[in-house]
Amino acid sequence: MIRFYRTPWIIKAFYPTLTYRIPSDNKIYLTFDDGPDPLVTRWVLDELEKYGAKATFFCLGKNIEKYPELATEIVSKEHRICNHTYSHPKGWKIHDEDYISDIVRCDNVIQKIGERNNLFRPPYGRVKKSQIKKLNQYRLIIWSHLSWDFDPKLKVNRSIKKLKKAQPGSILVFHDSLRAFSNLKIILPEILNYFRTKGIQFDTIK
């Protein structure tokens, strides 16, 4: 299987209105998908705190409902919670109306913990053009660099090497899920330490 650690240019060309990076002189944007999870997310929060790093968590509504206190903790530590759908559907396999409904359901859950923003990341980084048109009130955030931490066959050192090539403005994606945890425990501290030594800041996506 071919792993693209960076978003291919052809994808950017085909979907030019999506956000793949954010112009910055000295910031990199860490993002975490699929949480919150009691074990993994709390570990991530501890690691981020060690480095004074802030991050954006693209959460599933169903997981926020399961662990509302954890979601509130994420916000209390000055990170950001954003929409990753309620149930992680494959948007290219369902009707647009059902997809939008799942996103709105997640929004409603997020608002219950006192958060409100228009940032959305489609599961798998895939979304149909017809869905993009109907999501014009959202800012769709993809990424510049994918860690592949969820892949049990991942060569972790290769992932670290690719992620270290990120530049200011890059958006890195990890997963605060049990499936990714064994790889994440190795990759995340390496990346946090590497860029901190270079004077790079880690901020939330605004």
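Quantities reported herein were computed from a predicted structural model and do not represent experimental measurements. (Residues numbered from 1 in each chain as written. Predicted model: local features only at pLDDT ≥ 70, side-chain atom pairs only at ≥ 80, totals over all residues. Heavy atoms only, no water.)

Attention now goes to unusual backbone geometry. Most of the time, phi is negative for any residue but glycine, and the peptide bond is trans. Residue proline 36 is reached from glycine 35 by a cis peptide bond, and omega for that bond is 0°. Here proline 36 is to be found in the loop between β1 (27-33) and α2 (40-50). A positive phi is found at aspartate 34, a non-glycine position, where the angle reads about 85°. Despite not being glycine, glutamate 78 has its phi angle at roughly 70°, a positive value. Inspection of the secondary structure assignment puts glutamate 78 in the loop between α4 (68-76) and β3 (80-83). (Helix = DSSP H or I, 4+ residues; strand = E, 2+ residues; numbered from the N terminus.)

The subject of this paragraph is the packing of helix α7 (residues 156-163) against helix α8 (residues 181-197). Between α7 and α8, the least distance of the axes is 10 Å, while the angle of their chain directions is 30°. When the interaxial angle is binned, α7 and α8 end up roughly parallel. The chirality of how α7 crosses α8 is right-handed. Residue-level contacts link Val156, Ser159, Ile160 and Leu163 of α7 to Asn183, Ile186, Ile187, Glu190, Ile191 and Phe195 of α8. Of the residues that constitute the contact of α7 with α8, the class distribution is seven nonpolar, two polar and one charged. (Axes fitted to C-alpha atoms, helices over the stretch in contact; angles between N-to-C directions. Parallel < 35°, antiparallel > 145°, perpendicular 65-115°, else oblique. Left-handed = near helix turned anticlockwise from the far one by under 90°. Contact = heavy atoms within 4.5 Å. Nonpolar A, V, L, I, M, F, W, Y, C, P; charged D, E, K, R; others polar.)

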